[in-house]
Amino acid sequence: MMDENGLFEIDSKGEKFTWFNKHSQDPIHSCIDRVLGNLEWIQLNSDKNVYVMEPGVSDHALICIRKDEERMRSKSNFKFMNAVIDIIGYHEAVNQNWQRQIKGAPQNQLWNKLMRMQHVIRRLSKPLIGIKRHIEKCRENLTKAQIVLRQDRINSQLIMQEKLCTEEIIKLNETEEKILRQRAKIDWIRLGDGMKGIDIMAMRAGKQLDREQRSRLIRPITEKEVESALRAWET
């Protein structure tokens, strides 16, 4: 009957059962009261949740439909960031969530899976939020590691620590670039951005810097290097 009319049960939060006979002997708990909805209702009320309240003196629990408090605080729409697919465990988490069965008509199953997938991707995307602060923190850690390394330049553990900090910054920089490209909808790398006489595709096909070469570009500049560069201008 529900499938024929395009109805399906709405997931609820709170108490699992909505009815209790309140008998000390042979107690019975059951989920008698439910909330049903169709696809149109879900679309109009996507910011609301079903909560099973305390029953009080009644044998039936009250059911309340209200806006999700977390969504009320954030007031932000779901945005998919391409960089999230590079996070370790992304494909496994998405596949596992998608394979979980949902009852109902095919279109309702699809809609509910997509809505459920948002929570998974939001959780995976948390490391990408405030990535500039992460990069600044990693740069601070790199500077500290290099200062400590100068006190013991042949210490293998300190060398490895400095290397790990460098690789982390490079990785974060690459992730930030992906986010900025998507946010600004940059397609000039493929199309050339209208720059006449410059073949962007040919530039990308040329020799690229490896990780070690890129790590040299982001290392702190020493006072000796600055002094050497200034003296070069004098000559």
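What you are looking at is a predicted structure, and each value in this text was computed from that prediction instead of being measured.

### Examining the overall build of the protein chain
Along the protein chain, the regular secondary structure elements total 10 helices and 7 strands. Residues classed as buried in the protein chain amount to 25% of the 235 residues present. Looking at the protein chain alone, contacts between residues at least 24 apart form 57% of all its contacts between residues at least 6 apart. When the accessible surface of the protein chain is split by element, carbon and sulfur atoms take 54% of a total near 18300 Å².

### Things to note about the pairing of strand β6 (residues 48-52)
Of all the 5 residues making up β6, 4 are buried; the element is thus mostly covered by neighbouring parts of the structure. With 3 bridges joining them, strand β2 (residues 12-14) and β6 adopt parallel strand pairing. Bridge pairing in β6 places G14 opposite V52.

### Section: the nonpolar core
Formed by 20 residues in total, the largest nonpolar core has its most connected members in L124, L128 and I179. The set of elements that each furnish at least two residues to this core consists of α3 (90-99), α4 (106-125), α5 (131-151) and α6 (156-184). With 5 residues, α5 is the largest single contributor of residues to this core. What L128 contacts, discounting residues up to four positions off in sequence, is M81, A83, V84, I87, T175 and I179.

### What to know about α4
For α4, built from 20 residues, the straight-helix expectation of 28 Å at 1.5 Å per residue is met to within 8% by its first-to-last C-alpha distance of 28 Å. Turning to α4, its buried residues number three or more, namely N108, N112, K113, M115, R116, M117, Q118, V120, I121, L124 and S125.

### Here's the deal with the confidence of the model for the protein chain
Mean pLDDT for the protein chain: 77, with 85% of residues reaching 70 or above. Per-element confidence in the protein chain ranges from a low mean pLDDT of 50 for helix α2 (residues 69-74) to a high of 88 for α3.

### A few points about the packing of α3 against α4
Orientation of α3 relative to α4, taken along the N-to-C sense of each, is 155°, at an axis distance of 10 Å. Taken together, the axes of α3 and α4 are roughly antiparallel relative to one another. Between α3 and α4 lies a crossing of right-handed hand. Between α3 and α4, the residues in contact are Y90, A93, V94, N97 and W98 and L110, K113, L114, R116, M117, V120, R123 and L124, respectively. Its residues assigned to classes, the contact of α3 with α4 shows 9 nonpolar, 1 polar and 3 charged.

### Section: a nonpolar patch on the surface
Together, I221, V226, L230 and W233 make up an exposed nonpolar region whose accessible area comes to about 490 Å². Mapped onto the elements, L230 comes out in helix α10 (residues 223-234). What makes L230 partly exposed here is its relative accessible area of 45%.

### Quick look at the packing of aromatic side chains
Per the stated rule, a full pass over the model turns up 0 aromatic pairs. Directly above the aromatic system of Y51 lies the positively charged group of R66, at a separation of 3.9 Å from the ring centroid.

### A closer look at the side chain of Q146
On the secondary structure map, Q146 appears in helix α5. You can call Q146 buried: its relative accessible area is 14%. If we skip the residues at most four places from it in the chain, Q146 touches E162, R219 and P220.

Analysis parameters
Residues numbered from 1 in each chain as written. Predicted model: local features only at pLDDT ≥ 70, side-chain atom pairs only at ≥ 80, totals over all residues. Heavy atoms only, no water. Helix = DSSP H or I, 4+ residues; strand = E, 2+ residues; numbered from the N terminus. Buried < 20%, exposed > 50% of the residue type's maximum accessible area, 1.4 Å probe, protein only. Contact = heavy atoms within 4.5 Å. Areas by Shrake-Rupley, 256 points an atom, 1.4 Å probe, with all protein chains shown as cover. Pairing = 2+ DSSP bridges. Core = buried A, V, L, I, M, F, W, Y, C linked by side-chain atoms within 4.5 Å. Expected span 1.5 Å × (residues − 1). pLDDT = per-residue confidence, 0-100. Axes fitted to C-alpha atoms, helices over the stretch in contact; angles between N-to-C directions. Parallel < 35°, antiparallel > 145°, perpendicular 65-115°, else oblique. Left-handed = near helix turned anticlockwise from the far one by under 90°. Nonpolar A, V, L, I, M, F, W, Y, C, P; charged D, E, K, R; others polar. Patch = residues over 30% accessible without salt bridge, like charges linked within 9 Å, V, L, I, M, F, W, Y side chains within 5 Å. Salt bridge = Lys/Arg side-chain N within 4 Å of Asp/Glu carboxyl O. Phe/Tyr/Trp six-rings, centres within 6.5 Å; stacked < 30°, edge-to-face > 60°. Lys NZ or Arg CZ within 6 Å of the ring centre and 35° of its normal.

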